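Chains, contacts and geometry: an overview
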Amino acid sequence: MNAVVVPKINSNDARYLLVEWVAADGATVEPGDVLALIETSKTVEELAAESGGVLRHRVAAGAECLPGETIADLATPADLATPAAGDAPAGGADEPGDGPGDGVVITAPARRLMDELGIGEDAVRALGRKVIRRDDVAALAQPAPDLTAPSEPDAEEIVLPVSQRRVADVVARAHREVPAAYTVVKVDVEEALRLGRELTPALRTLIGLPELLVKAVAGLAGRFELLFARPVGPGRVRRASTAHIGVTMDVGKGLFVPVVHDATGRTLREISRTLMAYRVAALRGGLREEDLSGGNVTLTLHNESTVTLAVPIVFPGQLCALALAAPQQELVPAEGPAGFAVRHTVHLGLAYDHRYVNGHDAIVFLDALRAALEAPADLAADPT
């Protein structure tokens, strides 16, 4: 009998959530088959079989699990042929949870929210579900629907994917915990766009405004230490030695924020290659926990041509987040017979935790980024 053990997925979480059993109880699996989906505070990881056998669940879907915990067994042909005397059958997906032997599993996040909202067990058990999750408890706290409003009896509910529910958790926590302010500047990016067009074939990798901005932000980590620091308590932050820049990516499969680690020490070409690898991984569902962890500043990209301004959230554990809107054409005064020229401009905004960062710091930081993008030649140089 081989144990299926939950690996240590990241260093931030002491426990995870067993979201779903991909392989059913009693299924015969091969080495490498995906057995279950394990959710951490940042992502959902696939748990694969290290050996083959007949799967016997020990932990129900929707329950919390600990790193190193055995959540299932893989029975070998020898195990099935000669069961040990006194062995009890392995628990399945309906294994009783923390209720009074009625088979209902109430996850720890759900129970914490029940305590917070004052919702009793009778109310959640009345839902008639085998697994009570945090979202189920939250739904009970919503106002009763307006029965006088017109309804669509045949309309189906849409269950949001796990990635979007994780985004919702982060957004709710950010709005609850971070008193953010916002400042925005207009940047002439005509020269940056021209440089990108020149460097793309020369470096054999895509160079656009996101890549140039990541490079510009990374170059300011030493000058603006506070904006890259991590809050550790009221009036206290921990200095960062380099910039670890998270960049938003939405490829139609949910929002992801992979991190360009040690961006300060990377060339523009390396930054571009890293972002391209992340985009491919996001499309294929191959982003790893380490790809999504460790950011100390976030860059949110808004590429749609109609987006002129966007306000990002500040992730808990960070002090600021940048928002880059789409380039817009604009008439500006210029020398010559026409008296004007067409230039591309963008709005570049900074949301920041006002408990630690003041408006003056935000303006100086944004002005430094504006200057770097409007005279971008230095961004192509190797870091010193």
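These numbers come from a predicted model, not from an experiment.

Procedures and definitions
- Residues numbered from 1 in each chain as written.
- Predicted model: local features only at pLDDT ≥ 70, side-chain atom pairs only at ≥ 80, totals over all residues.
- Heavy atoms only, no water.
- Axes fitted to C-alpha atoms, helices over the stretch in contact; angles between N-to-C directions.
- Helix = DSSP H or I, 4+ residues; strand = E, 2+ residues; numbered from the N terminus.
- Parallel < 35°, antiparallel > 145°, perpendicular 65-115°, else oblique.
- Left-handed = near helix turned anticlockwise from the far one by under 90°.
- Contact = heavy atoms within 4.5 Å.
- Nonpolar A, V, L, I, M, F, W, Y, C, P; charged D, E, K, R; others polar.
- Core = buried A, V, L, I, M, F, W, Y, C linked by side-chain atoms within 4.5 Å.
- Buried < 20%, exposed > 50% of the residue type's maximum accessible area, 1.4 Å probe, protein only.
- Phe/Tyr/Trp six-rings, centres within 6.5 Å; stacked < 30°, edge-to-face > 60°.
- Expected span 1.5 Å × (residues − 1).
- Arc of directions from axis to C-beta.

1. Some thoughts on the packing of helix H7 (residues 209–218) against helix H10 (residues 359–374)
Where H7 meets H10, the axes come as close as 10 Å, and the angle between the chain directions of the two elements is 130°. Relative to H10, the element H7 is oriented oblique. Every pair of crossing elements has a handedness; the one defined by H7 and H10 is right-handed. The segment H7 lies against H10, with Leu212, Leu213, Ala216 and Val217 engaging Phe365, Leu369, Ala372 and Leu373. The residue inventory of the contact of H7 with H10, partitioned by class, reads eight nonpolar, no polar and no charged.

2. Some thoughts on the nonpolar core
Val217, Phe228, Ile245, Leu322, Leu348, Phe365 and Leu369 are the most contacted members of the largest nonpolar core, which has 57 residues in total. The contacts of Ile245, once residues within four sequence positions are left out, are Val214, Val217, Ala218, Pro258, Val259, Val260, Ala263, Val297 and Leu299. In terms of nonpolar packing, the next biggest core, distinct from the first, is built from 24 residues, Ile9, Ala23, Ala49 and Ala60 among them.

3. A closer look at the packing of aromatic side chains
Inspection of the entire model under this criterion finds two aromatic pairs. Plain terms: the ring middles of Phe224 and Phe365 are 5.2 Å apart, the flat faces sit at 70° to each other, and that makes the pair edge-to-face. Placement of Phe224 in the loop between H7 and helix H8 (225–228) and of Phe365 in helix H10 is noted, with a sequence separation of 141 residues between them. The residues Phe224 and Phe365 share a single accessibility class, namely buried. Ring centres of Phe228 and Phe365 lie 6.2 Å apart, and the angle between their planes is 85°; this geometry places the pair in the edge-to-face category. Pair noted here: Phe228 is in helix H8 and Phe365 is in helix H10, with a separation of 137 residues, a long-range link. Among the aromatic side chains, those forming a connected cluster through ring pairs are Phe224, Phe228 and Phe365.

4. Side note on helix H5 (residues 162–177)
Along its 16 residues, H5 runs 22 Å from first to last C-alpha, staying within 8% of the 22 Å computed at 1.5 Å per residue. Looking only at H5, the buried set comprises Val162, Val167 and Ala174. Angularly, the buried residues of H5 cover 145° about the axis, an arc narrow enough to put them on a single face. Turned more than 90 degrees from where H5 packs its buried face, His175 and Arg176 sit exposed. Check the buried side of H5 and you find it contacts strand E2 (16–21), strand E4 (34–39), strand E5 (44–48) and strand E16 (255–256).

Nothing here speaks to function; it is geometry throughout.
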